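# Residue-level structural notes
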Amino acid sequence: RVDLPVYKREEVKKHGKGSERMWVTYKMGVYDITDFVESHPGGDKILMAAGGAVDPFWALYAQHKTIDVMEVLEGLRVGSLDPTEPAPVHTADASDPFSTDPPRHPALIVNNPKPFNAETPPSLMMDNFRTPNDLFFVRNHLPVPKTDVEKHRLRVEGLGVGEGKEVDLSVAELKKKYKEHYVTSVVQCGGNRRADMQKFKKVAGLMWEGYAISNAKWTGVRLRDILIDLGVDPADERIKHVHLEGADVDPTGKPYGASIPFEKAMSPEVIIAYQMNDEDIPADHGYPLRCIVPGVVGARQVKWLTLVRLSDVESPSHFQQKDYRAFSPSVQHGEELDWNSVPSIQDYPIQSAFCLPASGTTVDRDSATSLPFGPVVLAEYSFPKDGTVDVAGYAWSGGGRGIIRVEVSPDGGETWYSAEMEQDPDQNQDKMWAWTLFRASIPIPEGAQTMDLVVKATDRSYNTQPETAAGIWNIRGLLHNAWHHVEVKIRG
Ligand code: MTE
Ligand code: MO
């Protein structure tokens, strides 16, 4: 297309979301998508790419790589990127410990760039039962360590292993010696929905909205198999905790560390994973090895795993001792914190939240808008009906407790409707490590101009979520699981 004008990336950037003419690039082409947005089957998701490249988004949705789509796109072409402009390069600055962090997907919602912390965009969360690796939320405390799969070793040592019997396993040995298993399991940060708790009263920490949670298939070997192979007796009463350490270190050389109870470590679901969703684990998520501890808070699922140590005490790591412990609401700001007065968080309580619609969305009373895509079962559910608002989100509980129901309310919790649920067909109610996705079509109350939408879930133990943060507020804003509210405006 020699007849079309040539643009620099800076020029394309000016045509971002909300500008008069919105552009995207694909490979070297520049396209004006302004008039196409309405007819895009994925709705306004395409606007996430406005002002930049659509390529990383298309990589997530295989349906784009068809001749039809290419033809539609060519019809929108307004120009080409300047071939003489060098591709944007990431200049490594030796004085910046984060300069070797990996590239990330532009759709991630960044909470903090260094160390990198980002949540999954809620508008894309309902597209897959297993969160794509590129969109999986990231919670790093330190720079991403440079690891080499050939040189990486997992050291296993401590009580019950016996002196001289410690091992340093390479990734290849680990794969060769032990049987492969997989588990589909959630990782949820203990600080998920902290921003929501802050609305109740000030808390300290990264202001996660509700999307520091993701779900993936993890493949690897059972920690149990390794320990038994090393002669560890599952009934050894001296062993109480299993320490886990990562290859990421703080400026004093201390690695990230955590521990889990010995009994949990010996459970079949706990895996030393080398794959995430059938690919090598990406750099941000622990390449080449990561401990997956289903049902437990994210902080214990140590990435870039280098060490497993059996012990009579919990890990001395800062992250085990002075973080990820939830205080009583009576403990106030300015008080000296007695970290030993509360146990470390292990099993997660029950949680649920809406992903769609976003708070502040305007819904037409007479013309319901369908939610784009969605996982298998939920996508088949016949939506939408006029006079209803379509909602969707996730529910999950720790300890393997399955979700038995998800209820949604149109009016702040006065009236409730049951939502449709999608669960992992291979997991049962007592070993449900994966999340539950839900979807419901809620009737819009007569005369309502706004709706206070609420969701709450119930698990296998009939645990349910507290109505407000009043009784669970804690100074560090951990484990916020009060009813999630979303306010929408009704037009017409
Ligand atoms: N492991 C190491 N080595 N370093 C870390 O900073 N963060 C933990 C955990 N494992 C962390 C780690 C925390 S607090 C969470 S919530 C999860 O990893 C996040 O996992 P993700 O980044 O794969 O989503
Ligand atoms: Mo976390």
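Heads up: these notes are all about the structure in this document. (Residues numbered from 1 in each chain as written. Chains lettered and ligands numbered in written order. Predicted model: local features only at pLDDT ≥ 70, side-chain atom pairs only at ≥ 80, totals over all residues. Heavy atoms only, no water.)

## Some words on the environment of Ala326
Here is the rule we go by: Segments assigned H or I by DSSP are reported as helices when at least four residues long, segments assigned E as strands when at least two residues long, and all are numbered from the N terminus. For each residue, the accessible area found with a 1.4 Å probe, counting protein chains only, is set against the maximum for its type, and the residue is called buried under 20%, exposed over 50%, and partly exposed in between. Contact criterion: two residues are considered in contact whenever any of their non-hydrogen atoms come within 4.5 Å of each other.
For Ala326, the location among the structural elements is in the loop between helix 9 (318–321) and strand 18 (351–356). Owing to a relative accessible area of 27%, Ala326 belongs among the partly exposed residues under this scheme. Distance from Ala326 to Leu479, taken between C-alpha atoms, is 7.5 Å for residues 153 residues apart in sequence. Setting aside its immediate chain neighbours within four residues, Ala326 contacts Val342, Ile345, Asn474 and Leu478.

## Topic: the packing of aromatic side chains
We apply this condition: Pairing of aromatic side chains here covers Phe, Tyr and the six-membered ring of Trp, requires ring centres within 6.5 Å, and sorts the geometry by plane angle: under 30 degrees stacked, over 60 edge-to-face, intermediate tilted. Whether a charge sits over a ring depends on NZ of Lys or CZ of Arg being within 6 Å of the ring centre and within 35 degrees of the ring normal.
Tallied over the full model, the rule gives eleven aromatic pairs. Arranged with centres 5.8 Å apart and planes meeting at 85 degrees, the rings of Phe136 and Trp218 form a pair that is edge-to-face. Here Phe136 is found in the loop between helix 4 (122–125) and strand 7 (138–139), whereas its partner Trp218 is found in strand 11 (residues 213–222), with 82 residues between them in sequence. Residues Phe136 and Trp218 agree in their burial class; the two are buried. Here Phe137 and Trp208 contribute two aromatic rings whose centre-to-centre distance is 6.1 Å and whose plane-to-plane angle is 85 degrees, an arrangement assigned as edge-to-face. Remark: Trp208 occurs in the loop between helix 6 (194–200) and strand 11 and Phe137 occurs in the loop between helix 4 and strand 7; sequence separation between them is 71 residues. Relative accessible area serves as the criterion here: at 4%, Phe137 is assigned to the buried category. Grouped by ring-pair contacts, the aromatic residues Phe136, Phe137, Trp208 and Trp218 constitute a single cluster. The ring of Tyr274 carries Lys175 above its face, with NZ or CZ at 4.7 Å from the centroid. Sitting over the ring of Tyr182, Lys217 keeps its end group 4.6 Å from the ring centre.

The values reported here are purely geometric and, on their own, carry no functional implication.
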